[in-house]
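Breakdown of the fold
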Amino acid sequence: MQAFSLDTMVVTASRVETSKADTPANITVISQEKLEESNYADAAEALADVPGVNILSSGAKGSNMGQDVIMLNGDKRVLVLIDGRRVDVASSGNYSADWLPPVNAIEKIEVLKGAGSALYGTDAVGGVINVITKKGSKIGDKVTAKAATGSWDTEQYGVTASGNNDGVGIFVSANKEKRGNYSYKNNKTGAITEMNNSGYDDTGATIKLDKAIGDNDRVTLQAEHFLTEGGAPFSGRLSDAYQRLNNNVALRYDWNENKDNAGFAQIYKNYHHSYFYSTKYPSDFTENRHGVEVQQNWKLDEKNSLTGGIEYYKAEVDNVSLYSGSYAYNKSIDNKAAYLEERWQFGGSWQLNSGVRYDEHSRYGSEMTPHFALNKKISEDSNAYISWGKVFNAPTTDQLYKYVAGMGKPNPDLKPETGDVLTIGVNKKISEKTNFSASIFSSKLNDAIGWKDLNPTDADTEKTAINISSEKRRGLEISADHRFDDNWSMDASYTYLQVKSDYADGYGYLTDGSAKPNVYRAGVKFKKDKLLVDLTMKAATGQAYTYIGKGGTTKRAYTDNSYFTVDVGAQYKLNDKAKIFLQLNNLNNAAYQEISGWNSTSGFATYPMASRNFVVGMEYNF
């Protein structure tokens, strides 16, 4: 229930802490209670439970270079933040769900769906994911250890330690997860089949130091480390493997915390290295991003408040595999920005948010993105809103500079993708036991970037990125939760999505069959004394087998037009310090896929999800 509570305070939608009922945006909070009770192995599993979120993954976690792309409202142009700091990589413009901080280091996750460019700039077309990590100064002295095992030789280990002494807080986490080859249910034969070369080995660690300065200021130093290694089962060669390394560090100073005139300044550096071991398509690249940001809030009067800030970042990508040939392989982009938002309360229960951001990019020039949002606070627990905003997405370094002899050429003259997004929604607390939310959205994006075959009559695949299409998205989201009594509760959601693209090739707007048009989710929870049992059911309908794509070509989508899965989790508290847990995934052993695609010869799904599997473990607090 806490995931949908309207009295939750959120920060992502307006860059300042605000009650959800005062926030004119489609925003969901995955609370710490939800994270602790749901037996999530990682943050990706938690996000997949949120209506309107889709993780493009297979059963091989982090497979093929770890690109488990997060999609909001059917759009992969999503900005990912860790404690408000951008971490998207410049080469792809995405951040894999597999690289997020471990669940035991997360305080909460805020998911903002809809236009985010007016406050956050590029990458925030579909929305923003903000992962907020724990602070030792809030937790106090505590040590927690976790160990689990499960299907396919799964091993999971995690430990967190926190403390607070003389105004100094420390939080440390360390995690290890490894697994062998996973199995899936063959969509044609029904046989349980092992996916060769699909094992992985992940190691992660975080540290966060925060110190109070006086009564209202605070300085925070934090660092994150993540290393993943594993096979690449979909490359067609058992010898192929990948390695990803992320090392991020940030220093932040907050002043006037919890006051109307709060502000902060932060500097950060993100380091990303990727290596793909392959005899045919090797890849090796390094990215360094440096950034600085300053923000200030002002309370103008009882009804008006203002938030403004400036931001600068520079990303340097060194890719000896893809930015080579006659083109220098070290490329960089930088961006300068300023943003301002005013929140005006009027008429007793109305609020108008209006803002604008100015970006100046080193490659595409300048862009101005305004937004307006109107909120009607129906009660302390209910609101209705309408939000409109301009959006843009800057070309990635791959799109600007990618060059492989015989495979592709760069295009440094690309224009940014631009458009607007409209969202209308309502959150209603029907009773003390029942909450209801609904929203609709519509977006249009111009100059969408795609890849053009330079020699369509030749056997080679030489391509270049160009601005070729216009994209339209329409969607509906409905969710509700209800508490029957002190022990039983449930929640349910439905999302509808339609994506159409016009490639300017005479075929007009064509429906994108890789998008899932109807997704359903329902959960039932029983909680009494020391026992908690959680049943989750997910389904999708209306999936396309094939669809017409660019140039009138037939593209392959899903092997089945629908699927249905059941997951069951249970926890039992042995005492105040220890609990045991069990998670059963895909209990009904469904054959399904999250990423579209199937083999034209065999009809097998290209990226099948895992068959029935389990994880069992124990957690102990010292």
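Residues numbered from 1 in each chain as written. Predicted model: local features only at pLDDT ≥ 70, side-chain atom pairs only at ≥ 80, totals over all residues. Heavy atoms only, no water.

Turning our eyes to something else, we now look at the overall build of the protein. Looking only at helices and strands, the protein features 6 helices and 36 strands. Against the globule reference of 25 Å for 622 residues, the protein gives a C-alpha radius of gyration of 24 Å, in line with a compact fold. Dimensions along the principal axes, computed over C-alpha positions, put the protein at roughly 70 × 55 × 45 Å. Sequence separation of at least 24 residues holds for 62% of the intrachain contacts in the protein that already meet a minimum separation of 6. Accessible surface computed for the protein: about 25,800 Å², of which carbon and sulfur atoms make up 54%. (Helix = DSSP H or I, 4+ residues; strand = E, 2+ residues; numbered from the N terminus. Rg over C-alpha atoms; globule rule 2.2 N^0.38 Å. Contact = heavy atoms within 4.5 Å. Areas by Shrake-Rupley, 256 points an atom, 1.4 Å probe, with all protein chains shown as cover.)

With that settled, consider the sheet that holds strand 9 (residues 127-133). Spatial ordering of the open sheet is given by 3-8-9-6-7, a layout of 5 strands whose pairing is mixed. The strands lining the two open edges of the sheet, one partner per strand, are strand 3 (26-30) and strand 7 (85-86). Pairing of strand 3 with strand 8 (residues 106-113), which is carried by 5 bridges, proceeds in the antiparallel orientation. Looking across to strand 8, one finds that Ile30 is bridged to Ile109. (Pairing = 2+ DSSP bridges.)

With that settled, consider the side chain of Gln593. When you line up the elements, Gln593 lands in the loop between strand 35 (578-585) and strand 36 (613-621). For Gln593, a relative accessible area of 2% corresponds to the buried category. Only 3.0 Å separates the side chain of Gln593 from the backbone oxygen of Ile595, close enough to count as a polar contact. Among the polar contacts made by the side chain of Gln593, one reaches the main-chain carbonyl oxygen of Gly597 at a distance of 3.0 Å. The contact partners of Gln593, leaving out residues within four places of it in the chain, are Lys516, Gln543, Ala557, Tyr558, Thr559, Tyr563, Ala605, Tyr607 and Met609. (Buried < 20%, exposed > 50% of the residue type's maximum accessible area, 1.4 Å probe, protein only. Polar contact = N/O pair within 3.5 Å; in protein donor to acceptor, adjacent residues only side chain to side chain.)

This next bit is on the pairing of strand 25 (residues 417-431). As judged from the 11 bridges shared by strand 24 (residues 382-393) and strand 25, these two strands associate in the antiparallel manner. From the neighbouring strand, Lys390 faces strand 25, where its bridge partner is Asp420. Note: strand 25 against strand 26 (residues 434-453), 13 bridges, orientation antiparallel. Counted as the bridge partner of Ser431 is Thr434 from strand 26.

Bringing a positive patch on the surface into the picture now. Taken together, the side chains of Lys402, Lys452, Lys463, Lys550 and Lys555 present a region of like positive charge at the surface. Its location among the elements puts Lys555 in strand 33 (residues 554-556). (Patch = residues over 30% accessible without salt bridge, like charges linked within 9 Å, V, L, I, M, F, W, Y side chains within 5 Å. Salt bridge = Lys/Arg side-chain N within 4 Å of Asp/Glu carboxyl O. Lys, Arg positive; Asp, Glu negative; His and termini not counted. Charge placed at Lys NZ, Arg CZ, Asp CG, Glu CD.)

Further remarks concern a nonpolar patch on the surface. Together, Ile170, Val172, Ile207, Leu209, Leu221, Val249, Leu251, Ile267, Val292 and Tyr312 make up a nonpolar patch on the protein surface, roughly 720 Å² of accessible area in all. Put simply, the parts of the chain that give the nonpolar patch at least two residues each are strand 12 (168-179), strand 15 (200-213) and strand 17 (241-255). For Ile267, the position within the fold is in strand 18 (residues 263-277). Take Ile267: its relative accessible area is 48%, and that puts it in the partly exposed class.

By the definition in use, this model includes 33 salt bridges. Lys377 serves as the salt-bridge partner of Asp22, at 3.3 Å between the closest nitrogen and oxygen. With Asp22 in the loop between strand 2 (18-19) and strand 3 and Lys377 in strand 23 (residues 365-379), this pair connects stretches of sequence that are 355 residues apart. The burial state of Asp22 is the same as that of Lys377; both residues are buried. A salt bridge links Lys208 to Asp83, with the nearest nitrogen and oxygen atoms 3.3 Å apart. Of the two residues, Lys208 sits in strand 15 while Asp83 sits in the loop between strand 6 (78-82) and strand 7, which places them 125 residues apart along the sequence. Residue Lys208 is classed as buried on the basis of its relative accessible area, which comes to 5%. A residue is classified by how much of its surface remains accessible, and Asp83, at 14% relative accessible area, is buried. Taken together, the shared-partner salt bridges connect Asp75, Arg77, Glu417, Glu471 and Arg473 into one network.

Summed over all chains, the structure comprises 15 aromatic pairs. Measuring from ring centre to ring centre gives 4.5 Å for Trp344 and Phe346, while their planes differ by 25 degrees; the resulting arrangement is stacked. Classification of Trp344 as partly exposed rests on a relative accessible area of 36%. On the basis of relative accessible area, Phe346 is assigned to the partly exposed category, the value being 26%. Feature note: the residues Trp152, Tyr182 and Tyr184 constitute an aromatic cluster, connected by ring pairs. Looking at Arg15, its charged tip hangs above the ring of Tyr339, at a distance of 4.3 Å from the centre. The positively charged end of Lys331 is found above the aromatic ring belonging to Tyr401, 5.0 Å away from the centroid. (Phe/Tyr/Trp six-rings, centres within 6.5 Å; stacked < 30°, edge-to-face > 60°. Lys NZ or Arg CZ within 6 Å of the ring centre and 35° of its normal.)

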